Amino acid sequence: MALSAFFGSSQAVFSAAVVLRAVFLVYGLFQDAYSPMKYTDIDYFVFTDAARFIAQGQSPYARDTYRYTPLLAWLIYPTTWLGFWFSFGKVLFAVGDIVTGWMMFRILRTYHNMSQERALKYASIWLLNPMVATISTRGSSEGLLGVLVTVLLWAVLAKRVALSGFLLGFAVHFKIYPFIYAASIIWWLDDDRIKGHRNSRPSPSATFGNQLLSFLNPQRLILALCSLLTFMVLNMIMYLAYGWPFLEHSYFYHLIRIDHRHNFSPYNTLLYLNSSPGANQNASAQPSLELERLAFLPQILLSAVLIPLVLSKRDLPSTMLAQTFAFVAFNKVCTSQYFLWYMMFLPYYLPDSTLLHSRPVGISALILWVLGQVFWLQQGFQLEFNGYSTFVPGLWLSGIFFFIVNVGILGIIIRDVKSKEPHGRELYATSKATKKTS
């Protein structure tokens, strides 16, 4: 009864979400001051150092390892002021979490036709999730990315195409990976979706030109134009301000990234071997280097091509979950912050999912997903704090185990979404039922 009353009040849920983040922020100050193991993420010091360079009239890329758009450093410019303002960025990221949760609530209410209580329960998967709150209050910028991606989803579902294009271009500039959503959104934006009538596919006898004209409807053209224009304008502004270092560190670096710390990916051991001095001159290391360079092929093929084509017309939010899950699982660098990228889509997928309605499957998947991280972190702790070399077989095997678990969960998600009725059939079935009733 108490839980029902709690989730029946949006004020109670959002107040609890704010308090949760405030507690973590205060606790973080205490741990940073008195514990050798710091609460604040190392990336936050990178962000704030870059902001300090900007305040001194220099480039944010004067700070080694700053690999982000200059916009991020500008957004946390107040951290360069004296006193408690150093935590401004953490507060901003935590506020981003709350705004993301609010937009989730709105989407669930408006486009999933949920009651307020049920919508708040599912939005709380994000709002009251300690992992989400911890990552943002430690100084990770994923909270801001959550706002961009969730507002993008809302704009697409609301059929605000020009706004969707702007948000997509802005999100890709801010963090590269949202480009994978372009294929799903474009495939979703057919004429039937906009006009709301029965699916009318081009006949097999239609010429290629007619089929192409049918595909290139005004909505898809507007989305492509607005997103490309936004992305190019932002990049041009940043390039004029900061030159080649902007392109090198914001984009090209990620193609050759070698990051073996806190990396759950099976590629972790190979990345470590290639990060050692002289690895490029070592002939035995060359095959692994080539393998890493090709790692993006299955990742992009699955997340940006196959999944959108097969699933997006059935359920766009769940398709975006499957895309993101695949992108993270197959990425050569996989850290805890990346899990937030797909967690923000869970509230839309879980209500009708096998993971929720088949308890043995759902509980097993959750336990295995957590155990995969526990095994890896135990080996990582032995390596980084106790000085034991656990790369092989410890970290390598735990990385493979976690990858297999993720592939299994991805398979469940894809099967669930694929079992849903395509948009055109659903509309037709609804219209037929309406006629019979009348």
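In the nomenclature of an unreviewed UniProt entry, the protein is known as GPI mannosyltransferase 1 of Didymosphaeria variabile. What UniProt records for the protein under Sequence similarities (unreviewed entry) is the sentence "Belongs to the PIGM family." Regarding the protein, the relevant UniProt record gives this comment under Pathway (unreviewed entry): "Glycolipid biosynthesis; glycosylphosphatidylinositol-anchor biosynthesis."

Colleague: Sorry if this is basic, but what is going on with a nonpolar patch on the surface here?
Modeller: On the surface, Ile363, Leu366, Ile367, Leu368, Val370, Leu371, Val374 and Phe375 cluster together into a nonpolar patch covering about 670 Å² of accessible area. Of note, Leu366 is situated in helix H22 (residues 359-384). With a relative accessible area of 53%, Leu366 lands in the exposed category.

Colleague: Is there a simple way to explain the nonpolar core in this structure?
Modeller: A general feature of soluble globular proteins is that nonpolar side chains tend to end up buried together. Formed by 107 residues in total, the largest nonpolar core has its most connected members in Tyr66, Phe339, Met343 and Phe345. Among the elements that take part in this core, helix H8 (residues 142-157) stands out by supplying twelve residues, more than any other. In contact with Phe345, not counting residues within four places along its chain, are Val149, Leu153, Tyr181, Pro317, Met320, Leu321 and Thr324.

Colleague: Is there a simple way to think about the packing of H8 against helix H9 (residues 161-174) in this case?
Modeller: How two helices pack is summed up by the angle between their axes together with the distance between the axes. It is at 9 Å that the axes of H8 and H9 come closest, and there the two elements cross at 155 degrees. For the element pair H8 / H9, the angle class is roughly antiparallel. For the element pair H8 and H9, the recorded crossing hand is left-handed. On the side of H8, the interface is formed by Leu144, Leu145, Leu148, Val151, Leu152, Trp154, Ala155 and Val156, while H9 contributes Leu163, Ser164, Leu167, Leu168, Phe170, Ala171 and Phe174. Each residue belonging to the contact of H8 with H9 can be placed in one class, and the counts come to 14 nonpolar, one polar and no charged.

Colleague: Explanation requested: the confidence of the model for the protein in the structure shown.
Modeller: Here the protein averages 86 in pLDDT, and 84% of its residues register 70 or above. Within the model, the stretch residues 283-289 combines pLDDT values under 50 with seven contacts to residues more than four positions away or in other chains. Low pLDDT (under 50) marks residues 424-438, which in the prediction has six contacts with non-local residues, meaning those over four places away or in another chain.

Colleague: Just checking my understanding: could you explain the packing of H22 against helix H23 (residues 391-418) for this structure?
Modeller: The N-to-C vectors of H22 and H23 enclose an angle of 160 degrees; their axes lie 9 Å apart at closest approach. Here H23 runs roughly antiparallel to H22, going by the angle between their axes. In this structure, H22 crosses over H23, and the sense of that crossing is left-handed. Residues Val361, Ala365, Leu368, Trp369, Leu371, Gly372, Gln373, Phe375, Trp376, Gln379, Gly380 and Leu383 of H22 lie in contact with H23, whose contacting residues are Phe391, Gly394, Leu395, Ser398, Gly399, Phe401, Phe402, Val405, Asn406, Ile409 and Ile412. The residue inventory of the contact of H22 with H23, partitioned by class, reads 15 nonpolar, eight polar and no charged.

Colleague: Just checking my understanding: could you explain the pattern of salt bridges for this structure?
Modeller: Two side chains of opposite charge can pair, provided their charged atoms sit close to one another. Across all of its chains, the model carries nine salt bridges by this definition. Across the pair Arg138 and Asp41 runs a salt bridge whose closest N-O atoms are separated by 3.7 Å. With Arg138 in the loop between helix H7 (130-137) and H8 and Asp41 in the loop between helix H2 (10-34) and helix H3 (42-55), this pair connects stretches of sequence that are 97 residues apart. For Arg138, a relative accessible area of 26% translates into the label partly exposed. Across the pair Lys175 and Glu142 runs a salt bridge whose closest N-O atoms are separated by 3.5 Å. Of the two residues, Lys175 is situated in the loop between H9 and helix H10 (181-188) and Glu142 in helix H8; the sequence distance between them amounts to 33 residues. For the pair Lys175 and Glu142, one class covers both residues: buried.

Colleague: Is there a simple way to think about unusual backbone geometry in this case?
Modeller: Unlike most non-glycine residues, Thr65 shows phi in positive territory, near 70 degrees. Mapped onto the elements, Thr65 comes out in the loop between H3 and helix H4 (70-75). A positive phi angle is found at Asn113, which is not glycine, with a value near 55 degrees. With respect to the secondary-structure elements, Asn113 resides in the loop between helix H5 (88-111) and helix H6 (116-127). You can call Asn113 exposed: its relative accessible area is 68%.

Quick notes on the rules
Residues numbered from 1 in each chain as written. Predicted model: local features only at pLDDT ≥ 70, side-chain atom pairs only at ≥ 80, totals over all residues. Heavy atoms only, no water. UniProt positions renumbered as here; feature names shortened; annotations may be inferred. Patch = residues over 30% accessible without salt bridge, like charges linked within 9 Å, V, L, I, M, F, W, Y side chains within 5 Å. Areas by Shrake-Rupley, 256 points an atom, 1.4 Å probe, with all protein chains shown as cover. Salt bridge = Lys/Arg side-chain N within 4 Å of Asp/Glu carboxyl O. Helix = DSSP H or I, 4+ residues; strand = E, 2+ residues; numbered from the N terminus. Buried < 20%, exposed > 50% of the residue type's maximum accessible area, 1.4 Å probe, protein only. Core = buried A, V, L, I, M, F, W, Y, C linked by side-chain atoms within 4.5 Å. Contact = heavy atoms within 4.5 Å. Axes fitted to C-alpha atoms, helices over the stretch in contact; angles between N-to-C directions. Parallel < 35°, antiparallel > 145°, perpendicular 65-115°, else oblique. Left-handed = near helix turned anticlockwise from the far one by under 90°. Nonpolar A, V, L, I, M, F, W, Y, C, P; charged D, E, K, R; others polar. pLDDT = per-residue confidence, 0-100.

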